[in-house]
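Observations on the three-dimensional arrangement
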Amino acid sequence: MKSESMSAERVALVRRSLLERYDRAARDLPWRHESDPYRIWVSEVMLQQTRVDTVTPYYERWLEQFPDLASLADAEHDDVMKAWEGLGYYRRARYLHQAVGIVRDQLGGEVPTTVEGLRELPGIGEYTAGAIASIAYGTVSPAVDGNVKRVLARLYDEARPSPAWLRDRASELVHPSRPGDWNQALMEHGATVCTPRSPRCGECPVQAHCRAFAAGTQDARPARARRDPVRAVEISITVFEREGRTLLMRRPAGGLLAGLWAFPEGSPSDVAASLALVIDSAPHALDSVRHRFTHLDATYLPEVVRVVSSEPRTSAPDAKGVESLDTRWVTPGEADELALPIAQQKILSLWKAQRGPAV
Ligand code: SF4
């Protein structure tokens, strides 16, 4: 019958079949050799909304730079953001940095062992708390990410699984003595066999227990949510030049790409006026740079202009007049040391490529 619990016998068979497959054929990923909760935490945060192939080199470099919780808690914010540069969804790095500081300062350096304790920390939601608690500490807790949601919707043939339904089904299935391996086995199954499109049902170890397969509905489970339309925007960018340096500004603490460094947004005359800069040449355009965010298709239109006088204010109010924006004149080499979003790195490369002798 649709969506209802499985019998205890069936639950046992599903667990055994998926764990056997996991033990035999799981991908060899670096975080799977870890029992250190900090390292498992890092991997889970990086893997949110990011593919395994992308995460792996970041994870390895991260642990060389910040091998333990104390080293990350002690790190400068800019160094943390630089290490995350290119991984996207930068809020994850900010929260992780804040959270390890709390663990160091308020919890004696010990990562909480319970789902409730973990969820008190910034950036740790229900999924991440369940994953860390089960994998690092063997706590019997479910962990429902996008892969697990899809597998459960298909196993139980549920078109529109609600969070409460998912929590109940995942709790019903979680293995009582190997909860961490079980949660990873479910995720692995969703990532490699029960994939979003064209699931490989012919080689699925739980096909005999899959209600969607029996009903022929697996391609429609879960039902696809209607996506918000992607909005196209054009953003003017000003690349100031002065004595071989360019001006970067730190983005405000809230909103898109918060806390990262970027070229000023706006036309050269507007930005120059707002920063009390005098410019001496007509701007010339660099190639446009396109970047797709989740709900935004952004085209950046950079223009280069030379500055002849005046220091920019070291800080200026943002549009809401609440935050401060740091500004810095940097050489190309110094710019490379700061954390810039991918589109801004491309603009930096275009500027470097067109630059003549020092101005
Ligand atoms: Fe997924 Fe197909 Fe296996 Fe069902 S039979 S769990 S749809 S791979």
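Residues numbered from 1 in each chain as written. Predicted model: local features only at pLDDT ≥ 70, side-chain atom pairs only at ≥ 80, totals over all residues. Heavy atoms only, no water.

Side note on helix α10 (residues 163-173)
This is how the line gets drawn: For the exposure calls, accessible area comes from a 1.4 Å probe over protein chains only, and a residue counts as buried if that area is under 20% of its type's maximum, exposed if over 50%, partly exposed in between. Helix and strand definitions here come from DSSP, where helices need a minimum of 4 consecutive H or I residues and strands a minimum of 2 consecutive E residues; each element is numbered from the N-terminal end. Throughout, the arc means that of the directions going from the helix axis to the C-beta atoms. Any two residues whose heavy atoms approach within 4.5 Å are treated as being in contact.
By the burial criterion, the buried members of α10 are W165, L166, R169, A170, E172 and L173. Seen along its axis, α10 keeps its buried residues to an arc of 155°; they face one direction. Contacts made by the buried residues of α10 are with α1 (8-25), α9 (146-155) and α11 (179-192).

Considering the side chain of T238
Here is the rule: Between N or O atoms, a polar contact is any pair within 3.5 Å; within protein, one atom must be a potential hydrogen donor and the other a potential acceptor, and residues adjacent in sequence are included only when both atoms are from side chains.
Relative to the helices and strands, T238 resides in strand β1 (residues 231-242). Separated by 2.7 Å, the side chain of T238 and the backbone oxygen of G266 make a polar contact. Non-local contacts of T238, meaning those with residues more than four positions away in its chain, are made with F263, P264, G266, S267, P268, V271, E303 and V305.

Some words on the site of the ligand
Rules: A cutoff of 4 Å decides nearness: a residue is near a molecule or strand if any of its heavy atoms lies inside that distance of it. Charged means Asp, Glu, Lys or Arg here, nonpolar means Ala, Val, Leu, Ile, Met, Phe, Trp, Tyr, Cys or Pro, and polar covers whatever is left, Gly included.
The environment of the ligand is formed by R154, H189, C194, C201, C204, Q207, C210, F213 and Q218. The residue inventory of the shell around the ligand, partitioned by class, reads five nonpolar, three polar and one charged.

Comments concerning the environment of A191
Among the structural elements, A191 can be located in helix α11. Overall, A191 belongs to the partly exposed group, its relative accessible area being 32%. Sequence separation between A191 and I132 is 59 residues; the distance between their C-alpha atoms is 19 Å. When neighbours within four sequence positions are excluded, A191 is seen to be in contact with R27, N147 and R150.

Some words on the packing of aromatic side chains
Put simply, the rule is: Aromatic rings from Phe, Tyr and Trp, with only the six-membered ring used for Trp, were paired whenever their centres fell within 6.5 Å, and each pair was classed as stacked if the ring planes differed by under 30 degrees, edge-to-face if by over 60, and tilted otherwise. Whether a charge sits over a ring depends on NZ of Lys or CZ of Arg being within 6 Å of the ring centre and within 35 degrees of the ring normal.
Throughout the structure, instances matching the rule amount to four aromatic pairs. Ring centres of W31 and Y59 lie 5.3 Å apart, and the angle between their planes is 85°; on these two criteria the pair is classed as edge-to-face. With W31 in the loop between α1 and α2 (37-47) and Y59 in helix α3 (residues 52-65), this pair connects stretches of sequence that are 28 residues apart. The burial state of W31 is the same as that of Y59; both residues are buried. With 4.9 Å between their ring centres and 65° between their planes, W62 and F66 make a pair best called edge-to-face. Of the two residues, W62 and F66, both sit in the buried class. An aromatic cluster is defined as three or more aromatic residues linked by ring pairs; in this entry it consists of W62, F66 and W84. Positioned above the aromatic ring of W329 is the side chain of R242, whose terminal nitrogen or guanidinium carbon lies 4.4 Å from the ring centre.

Concerning the packing of α9 against α11
Two numbers describe a pair of packed helices, the interaxial angle and the distance between the axes. Keep this limit in mind: Axis definition: a line fitted to C-alpha atoms, limited for helices to the stretch in contact. Angles are taken between N-to-C directions and run from 0 to 180 degrees. Each angle gets one of four labels, with under 35 degrees taken as roughly parallel, over 145 as roughly antiparallel, 65 to 115 as roughly perpendicular, and the rest as oblique.
Here α9 crosses α11 at 80°, and the two axes come no closer than 8 Å. If you check the angle between α9 and α11, you find them roughly perpendicular. Seen from α9, the contacting residues are N147, V148, R150 and V151; seen from α11, they are L186, M187, H189, G190 and A191. Grouping the constituent residues of the contact of α9 with α11 by class yields five nonpolar, three polar and one charged.

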